[in-house]
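As a plain string of letters, each chain reads:
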Amino acid sequence: HLGARIAMVRRGGVIPHVERVIEAAADGANAIVAPSTCPACGAAVVEDGDFLLCGDPSACIAARVGRLLHFVEACDIQGLGDVLVEEAVQRGLFKSPADLFRVTSAQLTTLEQCGEKNANKIVAEIAKAKSLPLDALLRSLGIANLGKTAARALAERYASLATIRALTAAEIAQIKEFDDVIAQSVVDGLKENAALLE
């Protein structure tokens, strides 16, 4: 309930874990209820560990925007912020991260928030991202549980994307930074992103 005092601890990741309620809310009227539908598209929510996810991310504009923004950040593409990406997705200019590499300055200038000078800068930034370190490419895919350290360890051990894509979960789990769950996430994530990688 809003107004309650709770004890929280950081456990492993960065998301705090509620340990216990120290003092209940005085009136108990403002219960915090997890949403059952995606606030952006109305699809049913799926619980995945500590996360609530849209159950239909391919049809959800907010999920597509989030995926693109994660890709942009991982690839260090400057100039493409929340507002521009959201407008580009709504107008059908960006459907997947691959569309970033096909966009032209002229297409970007059709967006309300993007003039010609800014469009040229963004296209130049995207051109730089066409050659990425392997660990940045792996991170950009948004594979569950694959953070910077694990992506770097994977890229250092296996220097090519083709080699990594051919690995089994058992082979990946042999790397110190990985356990069975993360290894399986990598294998599944690479399969899910096969079309994008191609």
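Everything that follows concerns the structure shown earlier in this document.
Residues numbered from 1 in each chain as written. Predicted model: local features only at pLDDT ≥ 70, side-chain atom pairs only at ≥ 80, totals over all residues. Heavy atoms only, no water.

> Looking at this structure, how should I read the nonpolar core?
The tendency in soluble globular proteins is for nonpolar side chains to be buried as a group. Within the largest apolar cluster, 25 residues are counted, with the highest numbers of intra-cluster contacts made by Leu 138, Leu 154 and Phe 178. If you list the elements that add at least two residues to this core, you get α5 (134-140), α6 (148-157), α7 (161-165), α8 (169-172) and α9 (180-192). Excluding residues within four positions of it along the chain, Leu 154 makes contact with Leu 138, Ile 164, Leu 167, Ile 172, Ile 175, Phe 178 and Val 186. (Core = buried A, V, L, I, M, F, W, Y, C linked by side-chain atoms within 4.5 Å. Buried < 20%, exposed > 50% of the residue type's maximum accessible area, 1.4 Å probe, protein only. Helix = DSSP H or I, 4+ residues; strand = E, 2+ residues; numbered from the N terminus. Contact = heavy atoms within 4.5 Å.)

> Would you mind showing me how to read the side chain of Arg 139 here?
With respect to the helices, strands and loops of the structure, Arg 139 is situated in helix α5. With near-sequence residues (within four places) excluded, Arg 139 lies in contact with His 70, Ala 74, Leu 146, Gly 147, Lys 148 and Ala 151.

> Explanation requested: helix α1 (residues 61-74) in the structure shown.
Note: α-helices contain 3.6 residues per turn, so residues at a spacing of three or four share the same orientation. The end-to-end C-alpha distance of α1, which contains 14 residues, comes to 20 Å, matching closely the 20 Å that a straight helix rising 1.5 Å per residue would cover. Residues of α1 that are buried include every one of Val 65, Leu 68, Phe 71, Val 72 and Ala 74, and no others. Buried-residue contacts for α1 involve α2 (82-90) and α5. Downstream of α1 by one or two residues, Asp 76 has phi in the positive range, about 55 degrees. (Expected span 1.5 Å × (residues − 1).)

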